[in-house]
Amino acid sequence: MISWWEAGKGLPNIDFCVILADFYKITLDELVGRTEYDITKKEDK
C-alpha cells in the first residue's frame, strides 16, 4: 500500500493517517509535514 502511495497512484485515507500518527506517536500535522508557520501563513491571506 505504501509503495502505491509513493508511486503517486493514490493517497491514504484519513482513517489510515490516524492509525499511522498513533503508531508513531505524532500528530496528524507532523505526519503530513505541516508546521505552525504553514498554519499562520494561511491566516494572513
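First, a word on what this report is: a plain description of the structure on this page. Please read these numbers as outputs of a predicted model, since none were measured by experiment.

Calculation rules
Residues numbered from 1 in each chain as written. Predicted model: local features only at pLDDT ≥ 70, side-chain atom pairs only at ≥ 80, totals over all residues. Heavy atoms only, no water. Helix = DSSP H or I, 4+ residues; strand = E, 2+ residues; numbered from the N terminus. Buried < 20%, exposed > 50% of the residue type's maximum accessible area, 1.4 Å probe, protein only. Areas by Shrake-Rupley, 256 points an atom, 1.4 Å probe, with all protein chains shown as cover. Arc of directions from axis to C-beta. Contact = heavy atoms within 4.5 Å. Polar contact = N/O pair within 3.5 Å; in protein donor to acceptor, adjacent residues only side chain to side chain. Phe/Tyr/Trp six-rings, centres within 6.5 Å; stacked < 30°, edge-to-face > 60°. Patch = residues over 30% accessible without salt bridge, like charges linked within 9 Å, V, L, I, M, F, W, Y side chains within 5 Å. Salt bridge = Lys/Arg side-chain N within 4 Å of Asp/Glu carboxyl O.

Each helix and strand counted, the protein has four helices and zero strands in total. Ordered by position in the sequence, the α and β elements of the protein form the string α-α-α-α. Here the protein holds 45 residues, and the buried ones make up 11% of them. As presented, the protein carries roughly 4,200 Å² of accessible surface, and 58% of it is formed by carbon and sulfur atoms.

Right, let's talk about helix 2 (residues 14–24) for a bit. Along helix 2, the residues classified as buried are Cys-17, Leu-20 and Ala-21. Around the axis of helix 2, the buried residues are gathered within 95° of arc, so they sit on the same side. Across from the buried face of helix 2, at angles greater than 90 degrees, the exposed residues are Asp-15, Ile-19, Asp-22 and Phe-23. On the buried face of helix 2, the contacting elements are helix 1 (2–6) and helix 3 (28–32). Where helix 2 begins, one side-chain oxygen reaches toward the backbone nitrogen of Asp-15, 3.1 Å away; that side chain belongs to Asn-13. Just past helix 2, the residue Lys-25 takes up positive phi, approximately 55°.

Bringing the packing of aromatic side chains into the picture now. Counted according to the given criterion, the structure contains two aromatic pairs. A ring pair is formed by Phe-23 and Tyr-24, whose centres lie 4.9 Å apart and whose planes are at 85°; its orientation type is edge-to-face. In terms of burial, Phe-23 and Tyr-24 fall into one category: exposed.

So, about a nonpolar patch on the surface. Judged by side-chain polarity, Ile-14, Val-18 and Leu-28 come together as a nonpolar surface patch covering roughly 240 Å² of accessible area. Among the secondary structure elements, Ile-14 is positioned in helix 2.

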